Amino acid sequence: PALLQMSGSQPQVGRGGPCLRCRGLCSGFEPHSWRKICKSCKCSQEEHGLSSELDDDRRIGRLLADSRHATLTARLKGGDGGRIYKRNRMIVTNPNISGKDPTFDTITYEWAPPGLTQKLAMQYMELVPKELQPVAGTEGAWQRRRRLARQLPLHDLDPAQCRGLAEGERPLMDSFVRRYKAEALGVAEVALPGQGGGRKDEEKPRDKSCEPEPANGALESEPAAGNYRCESCRQPLPGDSPAVLAGPSRLWHPACFVCCRCAEPLVDLIYFWRSGAAWCGRHYCESLRPRCAGCDEIIFSEDYQQVEGLAWHHKHFACLECETLLTGKPFTLANASLLCTTCSQSRV
C-alpha cells in the first residue's frame, strides 16, 4: 500500500528572473515606484518569477492570524514574531514492482487538505483536474502559487505594502481587514457529505453579531442520504466521495469550488463568503470597495477617478509610459492601460 506522510512547508527561494512573457528581452524585475509591475517591461512580478514558498506561507499566515482559522498557523521563533501558515504537504510513496528489484515512486503534493485519512486525501486529489493537482515540479504546483499571488494580494492585507493610502486612511484599511477576517474569511473543509463540520479552527470565541450565518459548522438540516447536491453544478454528491464544505454548510464537488466572480479554483480552499457565494480574496475586496487600475490597491477615499467602469486614485490617473497625470487631459484607454495622446500615437 502507499505510504502517506504529512509535513509542514519546506521553503524554496527564487524570484526576480528574466520576464517569461518578454522572452528574455527583460533581464530582471525592476520594481516601479507605485505600480505592481516591472518598470522596464511593464509586466507583473509573477511574470519574472514567483516569490519564495516561505514568503507565500508568511502571507497566508498573516491572513489567517487573528481569525478563527489561526490554528492553521504557527508563531515563528525569533524574527518579528509573526505567524506562518502550517501548509500541509503530502508525500505519497508507491512501490514499483515491475522490475527485478522493487523500487519506490514518490509523489509530493505541495498542498493537501489537512486532517484527512490517506484514502480520503487521495480521493480528493483524484477529483481535482490533473493539470491543477499541486504536484511538486509540475504546472499544477506553479499554477497554485500563481493563483495565491493573484487571489490573495499582500497589499489587500498589509497597509505597509500600499502606496496609494493617503494620510489618515490607514485606520480605514485596518478596519476593513479586521472586518473581513471576522465576517467573511473562511477555509473550507473536505469531508464525506454529511460528515463534515467537526474541525475546530477557532482559537477564541467568535463575535456572533458579526456573522449572521454560521460558517464551517455542521449541516443545519441534513438531506436524506444520497440527496446531497453540489452548490455550483447542482449535480448529486455521492456519499462515499469527498466534498468541499464551506460557508453556511454548503457543499461542492472539489473541482466546482471556485470563485463566483473569476471562476478560478480557490487556492488552498481559502474563500470569502458574501451574498450566498464563495469569492476569492481579490474579488471579494473589489465587491466592497473600488480597486485602482493603476496601483492595484483598494481605494479607501470617496473621491477617485472613474472611466468605463474602472477606478483610479487621482494621483495614479497617469500615462503608463511617461507617467504624465491625465486628469483633464486627452487620453486613450486600452486593456485597462492609460496612455497620453503622444505615447498612444508612438505605439502605432
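Above: the structure in question.
Each value, and the rule that gives it
Residues numbered from 1 in each chain as written. Predicted model: local features only at pLDDT ≥ 70, side-chain atom pairs only at ≥ 80, totals over all residues. Heavy atoms only, no water. Phe/Tyr/Trp six-rings, centres within 6.5 Å; stacked < 30°, edge-to-face > 60°. Helix = DSSP H or I, 4+ residues; strand = E, 2+ residues; numbered from the N terminus. Buried < 20%, exposed > 50% of the residue type's maximum accessible area, 1.4 Å probe, protein only. Pairing = 2+ DSSP bridges. Axes fitted to C-alpha atoms, helices over the stretch in contact; angles between N-to-C directions. Salt bridge = Lys/Arg side-chain N within 4 Å of Asp/Glu carboxyl O. Polar contact = N/O pair within 3.5 Å; in protein donor to acceptor, adjacent residues only side chain to side chain. Contact = heavy atoms within 4.5 Å.

Draft legend 1. Focus on the packing of aromatic side chains. For the structure on display, the rule yields 12 aromatic pairs. Judged by centre distance (5.7 Å) and plane angle (90 degrees), the rings of Phe176 and Tyr180 are edge-to-face. Taken together, the residues span about one helical turn, with Phe176 and Tyr180 both in helix 4 (residues 170–183) at a distance of 4 residues. On the basis of relative accessible area, Phe176 is assigned to the buried category, the value being 12%.

Draft legend 2. How the structure looks around the sheet that holds strand 9 (residues 250–252). Taken in spatial order, the 3 strands line up as 7-8-9 in an open sheet, and their pairing is antiparallel. The sheet terminates laterally at strand 7 (189–191) and strand 9, the two strands that pair on one side only. When the angles between neighbouring strand axes are averaged without regard to direction, this sheet yields 35 degrees. Relative to strand 8 (residues 243–246), strand 7 runs antiparallel, the two being bridged by 3 bridges.

Draft legend 3. Region of the structure containing the pattern of salt bridges. For the coordinates displayed, the defined rule picks out 18 salt bridges. Between Arg145 and Asp56 there is a salt bridge, with its nearest N and O atoms 2.8 Å apart. Here Arg145 is found in helix 3 (residues 139–151), whereas its partner Asp56 is found in helix 1 (residues 53–64), with 89 residues between them in sequence. Residue Arg145 shares its accessibility class with Asp56, and that shared class is buried. With a shortest N-O distance of 3.0 Å, Arg87 and Asp57 are connected by a salt bridge. A residue pair is termed long-range when its members are at least 10 positions apart, and Arg87 in the loop between strand 3 (83–85) and strand 4 (89–96) and Asp57 in helix 1 qualify at 30 residues. Accessibility assignment for this pair places Arg87 and Asp57 in one class, buried. When salt bridges that share partners are traced, they join Asp156, Arg282, Glu286, Arg291 and Asp296 into one network.

Draft legend 4. Highlighting helix 5 (residues 281–288). Counting buried positions along helix 5 yields 6 of 8 residues, so the element is predominantly enclosed. Of the residues making up helix 5, those classed as buried are Gly281, Arg282, His283, Tyr284, Cys285 and Ser287.

Draft legend 5. The arrangement of the side chain of Ser67 in detail. One can find Ser67 in the loop between helix 1 and strand 2 (73–75). In this structure Ser67 comes out as buried when scored by relative accessible area, which is 8%. Here Leu64 takes part through its backbone oxygen, which lies 2.5 Å from a polar atom of the side chain of Ser67. With near-sequence residues (within four places) excluded, Ser67 lies in contact with Lys181 and Leu185.

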